[in-house]
Amino acid sequence: DTTTGILQPDVAELADIARDHDAYTIMDCVTSLSGVEVQVDDWGVDAVYGSPQKCLSCTPGVTPLTVGDRAREKILGRETDPKSWYLDLAGVMEYWGDDPSYHHTPPTSSLYGLRESLRLVAEEGLEARWKRHRDVAGALVEGLEDLGLELFPDRDHWLPSLNTVRVPDGVDDAAVIDFLLSEYDIEIAGGLGELSGELWRIGCMGHSARHQNVAALLTGMKEALAAQEYDTSAIEA
Ligand SMILES: Cc1ncc(COP(=O)(O)O)c(C=O)c1O
């Protein structure tokens, strides 16, 4: 989840429970696709969508989507027409099928872009890519903890592609965000909703999940905190 930086580790169990109750599961893997493990079939999820612009490091505009047999039957068997032509998955499926009929004009340049990003994933290897995200984000979290900051989720729910840390008391979260952007050209985000002012959200995604970016962020964060008279004893220890 991108708003809280929390990984859901129990997807297979949740999908089982849903199936036992004749319910369906839809998994949002916008922040996880190619950054952390996603096992659509093994976990028994009915429908999954992602995005090209996060861990795939591609341009936005098209949505990777997969629908399992159970969900497909449900979609094809619906008795009322969907309210939106755009979201009519039965129409979209027909368009993908062996005897395609028009549903929309394909965004061909976006599809070529997505294909290239997937080619790069295949070249690196999916498992190797998951490991890179874990290793680089692991170094990021370790460095932030050395600065005295605290990871928001517990370790079992840590999401390497989106790292959330608590804003220490007395520190202005927005001033740190502004400092990193103006001095280091690094954009991190603040918390949303109830967590506004409480968290920083630090992406570690796709091509940019690199140790040199972590090093730059940690240097900038240290300066930004020092500029706010944050107790630097943890930093100097
Ligand atoms: C987990 C999650 N789901 C959905 C979305 C929405 O994706 P989009 O902005 O491509 O519509 C986002 C966007 O950041 C997201 O992080």
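Residues numbered from 1 in each chain as written. Predicted model: local features only at pLDDT ≥ 70, side-chain atom pairs only at ≥ 80, totals over all residues. Heavy atoms only, no water.

Note: interface size is frequently given as the accessible area lost on complex formation between the parts. Partitioning the protein into structural domains gives domain 1 (11-124) and domain 2 (126-236). Taking only C-alpha atoms into account, the centre of domain 1 sits 31 Å from that of domain 2. At the boundary of domain 1 and domain 2, one finds two salt bridges. Classifying every residue of the side of domain 1 that touches domain 2 gives five nonpolar, five polar and three charged. (Domains from an automatic or database assignment. Salt bridge = Lys/Arg side-chain N within 4 Å of Asp/Glu carboxyl O. Nonpolar A, V, L, I, M, F, W, Y, C, P; charged D, E, K, R; others polar.)

Here we take up the sheet that holds strand β4 (residues 162-166). With antiparallel pairing, three strands are arranged side by side in an open sheet as β4-β6-β5. Pairing within the sheet leaves two strands with one partner each, and these edge strands are β4 and β5 (189-190). Pairing of β5 with strand β6 (residues 199-203) involves two bridges; the strand directions are antiparallel. Counted as the bridge partner of Gly 190 is Trp 200 from β6. The sheet contacts of helix α5 (residues 126-146) involve β4 and β6, and relative to β4 the element is tilted by about 10°. (Pairing = 2+ DSSP bridges. Helix = DSSP H or I, 4+ residues; strand = E, 2+ residues; numbered from the N terminus. Contact = heavy atoms within 4.5 Å. Axes fitted to C-alpha atoms, helices over the stretch in contact; angles between N-to-C directions.)

Counted by the stated rule, this structure contains nine salt bridges. Where Arg 70 meets Asp 46, a salt bridge forms, and the shortest distance between an N and an O atom there is 2.9 Å. Within this pair, whereas Arg 70 is found in helix α2 (residues 69-76), its partner Asp 46 is found in the loop between β1 (26-28) and β2 (47-49), the two being separated by 24 residues in sequence. In this structure, the salt-bridge partner of Glu 124 is Arg 129, at a minimum N-O distance of 3.0 Å. For Arg 129, a relative accessible area of 5% gives the class buried. In this structure, a network of salt bridges that share partners links the residues Glu 116, Arg 119 and Glu 123. (Buried < 20%, exposed > 50% of the residue type's maximum accessible area, 1.4 Å probe, protein only.)

This part takes up the sheet that holds β2. The sheet built from three strands is open, its strands ordered β1-β2-β3 with mixed pairing. Where the open sheet ends on each side, the last strands, each with one partner, are β1 and β3 (65-67). Averaged over neighbouring strand pairs, the angle between their axes works out to 10° when direction is ignored. Pairing between β2 and β3: three bridges, direction antiparallel.

What follows covers the nonpolar core. Within soluble globular proteins, side chains that are nonpolar generally end up buried alongside one another. Membership of the largest hydrophobic core comes to 28 residues, with the highest contact counts inside it found for Leu 144, Ile 188, Trp 200, Leu 217 and Met 221. Only α5, α6 (173-184), β6 and α7 (211-226) provide two or more residues apiece to this core. By residue number, the principal contributor to this core is α7, which donates six residues. Grouped together as the second largest cluster of nonpolar side chains are six residues, Met 27, Cys 29, Val 45 and Val 48 included. (Core = buried A, V, L, I, M, F, W, Y, C linked by side-chain atoms within 4.5 Å.)

Our focus in this paragraph is the layout of surface pockets. Roughly 970 Å³ of volume is contained in the largest pocket. Surrounding the largest pocket, 30 residues form its lining, Thr 63, Leu 65, Tyr 86, Leu 89 and Val 92 being those nearest its centre. Listed by contribution, the elements that provide at least two residues to the lining of the largest pocket are β2, β3, α2, α3 (89-96) and α4 (108-124). When residues of the lining of the largest pocket are assigned to their parent elements, the largest contribution, five residues, is made by α3. In this model, the second largest pocket occupies a volume close to 700 Å³. Taken together, 32 residues line the second largest pocket, and the ones lying closest to its centre are Leu 7, Gln 8, Pro 9, Val 11 and Glu 37. For the lining of the second largest pocket, the secondary structure elements donating two or more residues are α1 (11-20), β1 and α5. For the lining of the second largest pocket, the element with the most residues is α1, which contributes four residues. (1 Å grid on protein atoms, 1.4 Å probe; cavity = no way out; pocket = protein on both sides within 12 Å on 5 of 7 lines; lining within 4 Å. Points joined across faces, edges and corners; volume = space filled by probe spheres on them.)

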